Structures are given as C-alpha cells and as structure tokens.
Amino acid sequence: MNFPALAETETPQPDCPEDVVWNFAFGSNLHPEKREGRANLCIDEVVPGCLPGWRLAFNLKSIRWLEPSMAGIEPDPDAVVHGVLLRFSPEEFRKLVQSEGDGHSYELVQVEVQAYDGRSIQARAFRALPHRKYPEDVPPSLRYLTLIREGARRSQLSAEYVEWLDGLPHTEKSFFLCWVSRTLMATVMWIGRLGYPQFGAYLFRTLRWIDHRPRWVRVPLNFACLTPVLSLGVVHGLLLMLRRRKGPC
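Residues numbered from 1 in each chain as written. Predicted model: local features only at pLDDT ≥ 70, side-chain atom pairs only at ≥ 80, totals over all residues. Heavy atoms only, no water.

### Observations regarding the overall build of the protein
No. 1: The number of helices and strands found in the protein is 7 helices and 6 strands.
No. 2: In the protein, the succession of helices and strands from N to C terminus is β-β-α-β-β-α-β-β-α-α-α-α-α.
No. 3: On C-alpha atoms alone, the protein measures out to a radius of gyration of 19 Å, which is about the 18 Å that the 2.2 N^0.38 rule sets for 249 residues.
No. 4: Seen along its three principal axes, the alpha-carbon backbone of the protein occupies a region of about 60 × 50 × 35 Å.
No. 5: Residue burial in the protein is summarised as follows: out of 249 residues, 50% are buried.
No. 6: The long-range share in the protein, meaning contacts at least 24 apart out of those at least 6 apart in sequence, stands at 74%.
No. 7: Surface summary for the protein: the accessible area is close to 13,200 Å², and the carbon and sulfur share equals 57%.
No. 8: Counting 30 positive and 28 negative side-chain charges, the protein places the averaged centre of each group 13 Å from the other. (Helix = DSSP H or I, 4+ residues; strand = E, 2+ residues; numbered from the N terminus. Rg over C-alpha atoms; globule rule 2.2 N^0.38 Å. Buried < 20%, exposed > 50% of the residue type's maximum accessible area, 1.4 Å probe, protein only. Contact = heavy atoms within 4.5 Å. Areas by Shrake-Rupley, 256 points an atom, 1.4 Å probe, with all protein chains shown as cover. Lys, Arg positive; Asp, Glu negative; His and termini not counted. Charge placed at Lys NZ, Arg CZ, Asp CG, Glu CD.)

See below:
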C-alpha cells in the first residue's frame, strides 16, 4: 500500500513529563464513542498519526465462536499503521491497560508515531503477547471490523488507509452469535464505566479457560457464565430504551 507522505518538516517532541502517557490506538479505540465509553477514561488530547515499519495484525487469540481475533501490531518494514495518539495521565492509562486484559492479552511496546500535524511522538502501543498469537492472522468479526472502519473515518485518517480497511475480510457468524457478542461487549463496557475496568479481563480469561475444555463441559459452563452477564446486559439495554422514550424530565 502507498499512503500519503509524511510532513517533510517534523518537530521531535521533547521527553514527555512523568505525568503524561501517550497511547497509539489503531483498533476499536479509534472509535470515539468506544474509547470515551471505556472505563470512564479521561483523554486529554487526540491526535491522528501513523506508525511506519509496523502493520495492523489480527493475530490476538480470542474466543473463536465469540470474537475470532483482536487487533495488534507487528513489525513490517514495508507497512504503515494509521491511528490516533491518545494522551493520558498515568492513572487514566492504567485504567486503559486494565480494560485491555490487564497484561494477560497484550504487551506494551514503545513506538515513535508521526502525527499528522508534523510532530514525532513517543507512545506506547498494544502488541499481542507471544503465547497469545495465532500463527497467522485470523479475520475478525464484522462487529469489530466495523468499529475500526467507522473509527478511522471519524478520526479523519488517511482516505487511502480507510479504503484499505474497507477491503479487509471478516469472519461470518450467525445472527445469534452476533447478538451475544454485541450484548456481551456492551455489558462489559457498561460495567467498566461503573468503575470495574478489570471485569472484562476476568470474564474473557474465564471464557478462554472454558473454551479449552471438552465440548460436554464447555456448553454448560458457557451457559452458567454467560447467562447472568447477558441478562444484565438485556436489562440495561431495556432501561436505556425506556429512558430515551421518556426523554428529559
């Protein structure tokens, strides 16, 4: 892929003060509503940019029947990843890490991102842990890929990069599994906003453990684990619908 050239004049950023952490987001956190609704995160600045020498990878093992894969980055001298730089306080960045598996899914790598405004910014990015990687990329769900595509558009990333995202394949899932995935993710986000960003990490670790059990064990365990969470999500969704219908007092 050939993308627009970077600005010819780049102003290196001085060493970040200890109370500032930059994160380079390239997956679902590209979507403004997704990142703003994640664990009540307070983001001080959002800057679009690109990361040369790395590629967007869908190689993080998830639960195949639920979400086939999640995004990460991998070194590739011929590639470039576009995304947004998010500026956090250390406390807020810790909440982001907790909501992203709390160290059980990703490792943090230091990268130098070329902001669209010409700055060169040192940032931290999430890369799949070695033991959590697929040997080859696995197409993500349409739900997940749509979040990335919409987020790229709303973040005003390179038009050519957005077009490339539009051409990526996804894994087909049944209507029921799509509903389960959407409801489960929405519930995890809601609980994170209530002040429990680690809830999702514990839930998905449990589901991954169940996924490695024999089929006759997996089915009842999944039912026991997911039923209360999905029920809670349905009730929360209904309450939101009633609130919207009622309107402001």
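Additional details are given in the paragraphs that follow.
### Quick look at helix 3 (residues 142–154)
No. 1: If you check helix 3, its first and last C-alpha atoms are 18 Å apart, about what 13 residues at 1.5 Å a residue would give, namely 18 Å.
No. 2: For helix 3, the full list of buried residues reads Tyr-144, Leu-145, Leu-147, Ile-148, Arg-149, Gly-151 and Ala-152.
No. 3: Where helix 3 terminates, the next one or two residues include Gln-156, which has phi positive at roughly 60°. (Expected span 1.5 Å × (residues − 1).)

### Description of the environment of Asn-29
No. 1: Mapped onto the fold, Asn-29 is located in the loop between strand 2 (21–25) and helix 1 (32–36).
No. 2: What makes Asn-29 buried here is its relative accessible area of 6%.
No. 3: Along the primary structure Asn-29 and Gly-151 are separated by 122 residues, whereas in three dimensions their C-alpha atoms are 7.5 Å apart.
No. 4: Excluding residues that lie within four positions of it along the chain, Asn-29 makes contacts with Lys-34, Arg-35, Arg-38, Val-84, Leu-96 and Glu-100.

### A word on the packing of helix 3 against helix 4 (residues 159–166)
No. 1: Contact pair helix 3 / helix 4: the axes reach a minimum separation of 10 Å and the direction vectors enclose 165°. Taken together, helix 3 and helix 4 sit at an angle that is classed as roughly antiparallel. Regarding helix 3 and helix 4, the two cross each other, and that crossing is left-handed. In contact with Ile-148, Arg-149, Ala-152 and Arg-153 of helix 3, helix 4 contributes Val-162, Leu-165 and Asp-166.
No. 2: Of the residues in the contact of helix 3 with helix 4, the class split is 4 nonpolar, no polar and 3 charged. (Axes fitted to C-alpha atoms, helices over the stretch in contact; angles between N-to-C directions. Parallel < 35°, antiparallel > 145°, perpendicular 65-115°, else oblique. Left-handed = near helix turned anticlockwise from the far one by under 90°. Nonpolar A, V, L, I, M, F, W, Y, C, P; charged D, E, K, R; others polar.)

### Concerning unusual backbone geometry
No. 1: You will see that Asp-102, though not glycine, has its phi angle at about 55°, which is positive.
No. 2: The residue Asp-102 is located in the loop between helix 2 (90–99) and strand 5 (106–115) in this model.
No. 3: Positive phi, normally seen in glycine, also occurs at Gln-156, with a value near 60°.

### As for the packing of helix 5 (residues 175–193) against helix 6 (residues 199–211)
No. 1: Closest axis-to-axis distance for the helix 5/helix 6 pair is 8 Å, and the angle between their directions is 145°. Here Leu-184, Met-185, Val-188 and Ile-191 of helix 5 come into contact with helix 6, specifically with Phe-199, Gly-200, Leu-203, Phe-204 and Leu-207.
No. 2: Among the residues making up the contact of helix 5 with helix 6, the classes are represented as 8 nonpolar, 1 polar and no charged.

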